[in-house]
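Below, each chain spelled out in residue letters.
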Amino acid sequence: MKKQTALIAGLAAGGIGVAAGILAAAGYLPVWAAEILAVVTFPAFVIFIALWWNAKSGEEDIPFIGY
Amino acid sequence: MIEYLLFATFIGLLFHGIHRKVIARVQGRPGPPIWQEILHTLKFSFKETWIPKTASQTLFVAVVFVAIGIWSGALFILLSGGSLLLLFAVYLLHKIVEHGMGLSSGSPYGKFGAIRSVISAASELPLLATVAVIYLFTGSLSIADIAAYQQVHGPLLILAFPAAAAMYLVILSKMHYGPFSIIEAKEIVSGNMTEHFGVWRAGLEVGFALKTYVLLYAFVLLFIGPLPLGLALLLMLLVLISLSFVCAVTPMLSPYDTVTIQSLVTGALVIYIIVLGVVMG
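Fair warning: this is a prediction, and the values are worked out from it, not measured in the lab. Numbering of residues starts from 1 in every chain and runs along the sequence as written. Chains carry letters from A onward and ligands carry numbers from 1 onward, assigned in written order. pLDDT decides what is reported in this predicted model: residues at 70 or higher carry local features, side-chain atom pairs at 80 or more are listed and counted, and totals for whole chains, interfaces and linings draw on all residues regardless. The side-chain numbers reported here are obtained from all heavy atoms of the structure, hydrogens and water having been left aside.

## A closer look at the overall build of chain A
Here's step 1: Regarding its fold elements, chain A presents two helices and zero strands.
Here's step 2: Burial classes: relative accessible area under 20% of the type maximum marks a residue as buried, over 50% as exposed, and values in between as partly exposed (1.4 Å probe, protein chains only). Relative to its 67 residues, chain A shows a buried fraction of 36%.
Here's step 3: What sets the accessible areas is the Shrake-Rupley method with a 1.4 Å probe; for residues, cover comes only from the shown protein chains. Summed over its atoms, the accessible surface of chain A is roughly 4,500 Å², and 71% of this surface lies on carbon and sulfur atoms. Helical segments are the DSSP runs of H or I of at least four residues, strand segments are the runs of E of at least two, and each set is numbered from the N terminus.

Structural data, given as structure tokens:
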């Protein structure tokens, strides 16, 4: 997976989860719906953010592979 | 909502670190710092990540998402005072995660772990008996009703001590380095987690941290009652430390001995339920 794709997916998942919490607190979304959204988006947020900082940026040193 | 999940993950990982520290101190070792499991999870998330060639790719990745998702759901069930049966269902789904994790990897060690997970399905029996006892006392399976019952009649820890002991055994069955941790025993490397490394292992650590938080919180909520967060966390820590002592002084049992002990506890609890039914009914 490309680094940028993982970042976009992670931020989108986190954004949806946070937005659902805010909307539920403001009374625009039922709490149960916000909880379901949090349950779905939290795993995606954790995994994609980890994949983002794990992914190579393509500027690494070329490892020494012997003469 | 996500902020509470992050908080529960952080506390769960901290509890895992405290668990390791207490075990080490009881065994006369210095042990790792208590934040070791937080660093451990971060370390895994930076490690090189791939999917083994022999793995079932979809299941291999999906179990990580499911592990985090089901325990996130379980936390909201507890917080919203939902049904105890839903919590029980999450516990059963976790068994599917354990199976899927081991079987999807294609590794013989992972498969051994998955098979041991099937054997250790006996650990669900004490939980089922606990649910039955709680229903006999409170007449409801709603966590909110159970909490309200305890505010009037006192903690179920005293009223239904055998059920609390059975629930304690259920939590002990899911603790790392415990007498019932046969699915991740060292003779099968890391059991069903053997092939999950890098980001996948970090994700699983997050899921397991949530699991520890939820199970300890459920114990406090179901057997002591609703408390302010600080006090609940303190009691969860005390329960955890007692579990760590048990893990430190008890050798890991053989797979069949774990089933025997869990079945015997369930049997004793069934007798208690029958006596209770006769006395109360």
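Past the structure itself, the notes keep going.
## Things to note about the interface of chain B and chain A
Here's step 1: At the interface, 24 residues of chain B touch 23 residues of chain A.
Here's step 2: For any pair of parts, buried area is found by adding up, for both, the accessible area (1.4 Å probe) each one loses once the two are put together. Buried surface at the junction of chain B and chain A, both sides included, amounts to about 1,800 Å², of which 83% is carbon and sulfur.
Here's step 3: In terms of surface lost to chain A, no three residues of chain B exceed Met1(B), Ile2(B) and Phe65(B), which account for 36% of the buried area on that side.
Here's step 4: What makes a salt bridge here is a side-chain nitrogen of Lys or Arg within 4 Å of a carboxyl oxygen of Asp or Glu, nothing more. Our count for the contact surface shared by chain B and chain A stands at zero salt bridges.
Here's step 5: Pairing of N or O atoms within 3.5 Å defines a polar contact, subject to two protein rules: one partner must be a possible hydrogen donor and the other a possible acceptor, and residues neighboring in sequence count only if both atoms are side-chain atoms. Applying the counting criterion to the chain B and chain A interface returns four residue pairs in polar contact (both at pLDDT 80 or more).
Here's step 6: Secondary-structure elements contributing two or more residues to the side of chain B that touches chain A are α1 (2–26), α2 (36–46), α3 (57–79) and α10 (199–223) of chain B.
Here's step 7: When residues in the side of chain B that touches chain A are grouped by element, the largest group, seven residues, is from α3(B).
Here's step 8: Gly falls in the polar group here, along with every residue not listed as nonpolar (Ala, Val, Leu, Ile, Met, Phe, Trp, Tyr, Cys, Pro) or charged (Asp, Glu, Lys, Arg). Within the side of chain B that touches chain A, the residues separate by chemical class into 14 nonpolar, eight polar and two charged. Residues are treated as being in contact if the distance between any of their heavy atoms lies within 4.5 Å.

## Some words on unusual backbone geometry
Residue and element names in this part refer to chain B.
Here's step 1: Residues other than glycine seldom take positive phi values, yet Tyr177 does so here, at roughly 60°.
Here's step 2: By the secondary structure assignment, Tyr177 is in the loop between α9 (161–173) and α10.
Here's step 3: Look at Tyr177 and you get partly exposed, because its relative accessible area is 42%.

## Regarding the packing of helix α2 (residues 31–54) of chain A against α10(B)
Here's step 1: Fitting a line to C-alpha atoms yields each axis, with helices limited to the stretch in contact; the angle taken between N-to-C directions then spans 0 to 180 degrees. Contact geometry for α2(A) and α10(B): axes closest at 9 Å, N-to-C directions at 145°. As α2(A) packs across α10(B), the resulting crossing turns out to be right-handed. Facing Phe42(A), Val46(A), Ile47(A), Ala50(A), Leu51(A) and Asn54(A) of α2(A), the residues of α10(B) in contact are Val199(B), Trp200(B), Gly203(B), Val206(B) and Leu210(B).
Here's step 2: For the contact of α2(A) with α10(B), the residue count by class is nine nonpolar, two polar and no charged. Crossing handedness is defined as follows: a turn of the near helix away from the far one that is anticlockwise and smaller than a right angle gives a left-handed crossing, while the clockwise case is right-handed.

## Considerations on the packing of α1(B) against α2(B)
Residue and element names in this part refer to chain B.
Here's step 1: At their nearest, the axes of α1 and α2 sit 7 Å apart, and the two run at 120° to each other. Residues Phe10, Leu13, Leu14, His16, Gly17 and Arg20 of α1 form the contact with α2, whose own contacting residues are Gln36, Glu37, Ile38 and Thr41.
Here's step 2: Class assignment for the residues of the contact of α1 with α2 results in four nonpolar, four polar and two charged.

## Quick look at the pattern of salt bridges
All names here are of chain B.
Here's step 1: If you walk through the whole model with that rule in mind, you get three salt bridges over all chains.
Here's step 2: Across the pair Lys95 and Glu98 runs a salt bridge whose closest N-O atoms are separated by 3.5 Å. In this pair, Lys95 and Glu98 are both assigned in helix α4 (residues 84–105), three residues apart and thus about one turn of the helix distant. Glu98 carries the same exposure label as Lys95, and that label is buried.
Here's step 3: A salt bridge links Lys174 to Glu98, with the nearest nitrogen and oxygen atoms 3.0 Å apart. Of this pair, Lys174 sits in the loop between α9 and α10 while Glu98 sits in helix α4, placing them 76 residues apart in sequence.
Here's step 4: Accessibility expressed as a relative area gives 10% for Lys174, which makes it buried.
Here's step 5: Among the ionic contacts, a cluster of salt bridges with common partners joins Lys95, Glu98 and Lys174.

## Considering the environment of Ala144(B)
Residues and elements named next belong to chain B.
Here's step 1: Mapped onto the fold, Ala144 is located in helix α7 (residues 143–153).
Here's step 2: A residue is classified by how much of its surface remains accessible, and Ala144, at 40% relative accessible area, is partly exposed.
Here's step 3: Sequence separation between Ala144 and Leu79 is 65 residues, and the spatial gap between their C-alpha atoms is 9.1 Å.

## What to know about the packing of aromatic side chains
Residue and element names in this part refer to chain B.
Here's step 1: To pair, rings of Phe, Tyr and Trp, with the six-membered ring standing in for Trp, must have centres within 6.5 Å; the planes then decide the type, stacked if under 30 degrees apart, edge-to-face if over 60, and tilted in the middle. Under the criterion given, the structure shown has nine aromatic pairs over all chains.
Here's step 2: With a centroid separation of 5.7 Å and an interplanar angle of 50°, the aromatic rings of Tyr4 and Phe7 are classed as tilted. One end of the pair is Tyr4 and the other is Phe7, both in helix α1 and three residues apart, which spans about a single turn.
Here's step 3: Accessibility expressed as a relative area gives 29% for Phe7, which makes it partly exposed.
Here's step 4: On the numbers, 6.4 Å between centres and 65° between planes, the contact of Tyr168 with Phe219 is edge-to-face. In this pair, Tyr168 sits in helix α9 while Phe219 sits in helix α10, placing the two residues 51 residues apart along the sequence.
Here's step 5: What makes Tyr168 partly exposed here is its relative accessible area of 22%.
Here's step 6: Its relative accessible area of 6% is what places Phe219 among the buried residues.

## Considering a nonpolar patch on the surface
Here's step 1: Nonpolar side chains (Val, Leu, Ile, Met, Phe, Trp, Tyr) within 5 Å and like charges within 9 Å form the patches, drawn only from residues with over 30% relative accessible area and no salt bridge. Taken together, Trp53(A), Ile34(B), Trp35(B), Leu39(B), Leu42(B) and Phe46(B) make up a surface patch of nonpolar side chains, about 580 Å² in accessible area.
Here's step 2: The topology assignment puts Trp53(A) in helix α2.

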